[in-house]
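The lines below spell out each chain.
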Amino acid sequence: MELSLERIDLTQVQTTSRKATRLLPKGKKRQQLVVVGDQSGSLLCFGMKRDAMEQVFKTAPLEKEVSRVELGGAEPDERDKIFMASSGTVRAYTKKGKEFLRFNTNLTEPIRSMWVGEEDIHTGGEFMYNQFVNCKDTYFFISNDRINDLVCEHVTRQTNQPEAVLACQDRMVRVIRGNDLHYEAPMAGPVLTVERYANAQPGGNTTGGFGSLDVHEQPAFAVNDGRYRELLYGTENGMVGQLLLDAEEMRRGWVIDPVLEGRRGKSGGVQCLASHDITKDGIKDILVGRDDGGVEVWAFDTGPQPQLVCERALQESVTYIDGGMITNSNFDEVLVTTCNVAPWPLTVPSPT
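Calculation criteria
- Residues numbered from 1 in each chain as written.
- Predicted model: local features only at pLDDT ≥ 70, side-chain atom pairs only at ≥ 80, totals over all residues.
- Heavy atoms only, no water.
- Salt bridge = Lys/Arg side-chain N within 4 Å of Asp/Glu carboxyl O.
- Buried < 20%, exposed > 50% of the residue type's maximum accessible area, 1.4 Å probe, protein only.
- Pairing = 2+ DSSP bridges.
- Helix = DSSP H or I, 4+ residues; strand = E, 2+ residues; numbered from the N terminus.
- Axes fitted to C-alpha atoms, helices over the stretch in contact; angles between N-to-C directions.
- Core = buried A, V, L, I, M, F, W, Y, C linked by side-chain atoms within 4.5 Å.
- Contact = heavy atoms within 4.5 Å.
- Patch = residues over 30% accessible without salt bridge, like charges linked within 9 Å, V, L, I, M, F, W, Y side chains within 5 Å.
- Areas by Shrake-Rupley, 256 points an atom, 1.4 Å probe, with all protein chains shown as cover.

Caption draft 1: Expanded view of the pattern of salt bridges. Considering all chains together, one arrives at 15 salt bridges under this definition. Between R290 and E296 there is a salt bridge, with the nearest N and O atoms lying 2.8 Å from each other. For E296, a relative accessible area of 3% translates into the label buried. Taken together, the shared-partner salt bridges connect K19, R22, R68, E70, D149 and E195 into one network.

Caption draft 2: Summary view of the sheet that holds strand β2 (residues 21–23). Taking strand neighbours across the sheet as the criterion, the 4 strands line up as β2-β3-β4-β5 in an open arrangement whose pairing is antiparallel. With partners counted over all chains shown, the strands left at the sheet margins are β2 and β5 (52–58), one partner each. Pairs of neighbouring strands in the sheet enclose a mean axial angle of 25°, with direction left out of account. Pairing between strand β3 (residues 34–37) and strand β4 (residues 43–49): 4 bridges, direction antiparallel. Within β4, the residue paired with V36 across the bridge is L44.

Caption draft 3: Highlighting the nonpolar core. Of all hydrophobic cores here, the largest spans 28 residues; its most connected members are Y129, L166, M187, L243, L245 and M250. Those elements giving two or more residues to this core turn out to be β14 (147–153), β15 (163–168), β16 (172–177), β17 (180–186), β18 (191–197), β19 (229–235), β20 (240–245) and β21 (250–256). Among the elements that make up this core, the one with the highest residue count is β15 (5 residues). Sequence-distant contacts of L245, that is, excluding residues within four places in its chain, are made with V155, V175, Y183, Y228, R229, L231 and M250. Residues L5, I321, V334 and V336 belong to the second largest nonpolar core, which totals 16 residues.

Caption draft 4: Geometry of a nonpolar patch on the surface. Taken together, F127, F140 and I142 make up a surface patch of nonpolar side chains, about 280 Å² in accessible area. By the secondary structure assignment, F127 is in the loop between β11 (120–124) and β12 (128–133). F127 sits in the partly exposed class, given a relative accessible area of 33%.

Encoded structure:
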């Protein structure tokens, strides 16, 4: 199956940082609101009505840029609270724009990455990871190299608190429990981004350990049969891969290698990832945004290894990508934010 994407520009903002955009959950009319923070420190929330942008709220500019925007609340359907990080301060808003939380973390490093739970906020600076429970600094961990991204997942399932998973510049993915390194595993390049993913496939092969680092020698062999927490990762040298995690170890799943795919000239670093069932086959597709402006949709049409079904080349580095219903409540779309004073391309798929 192939998809043809039509570009629609929604609005224009100042320069955006990576993952400073979020798509809110579906409302009563099914269409979703978009919230984005920019270099001015302003947070804009808008929706689409009759093919025109309708502003919901916009906050006053701050002295520092918005470095991260995350959603918080009860999982999985009530994550509609908007959390914004700017330097070392975290602010939180309702979807109507009312500020209900503001606290200075007193961190020595500006916040570069963040994840928000029901009572906990996890932040990543240049090298330091911190966990705040009810706004109190409770745990911290110093990484061996720069933290490029983080996400949280219930890996050990021993408490109600999830563990943090750090994507690091030294080619490592690290799972942190409290103040301690739970385990880590090497990747085939500096890891720029990591995201949750869930697509259990009963009957999968789960034998073996993490496997060889050299994806040219050993193909992916582990498939999630529902027992593992699943993550996606993207690297600086253009790889996208799947990780399966349990309390004891991390297993390697499929890997998209631009060299093996015959796409050596299209291997821009992976800035952001998302999963959404764009192709409507019951399995979540992989959405990829690259620093060279590449936008890709990978689907599972013929087996456990994803296949490329759509790609577009934009003029700016992609800082956010996701799937949802933005302009129309009758079909899904791919939402993309680019970094440099550019419109937001909204790509609308239609089967060809």
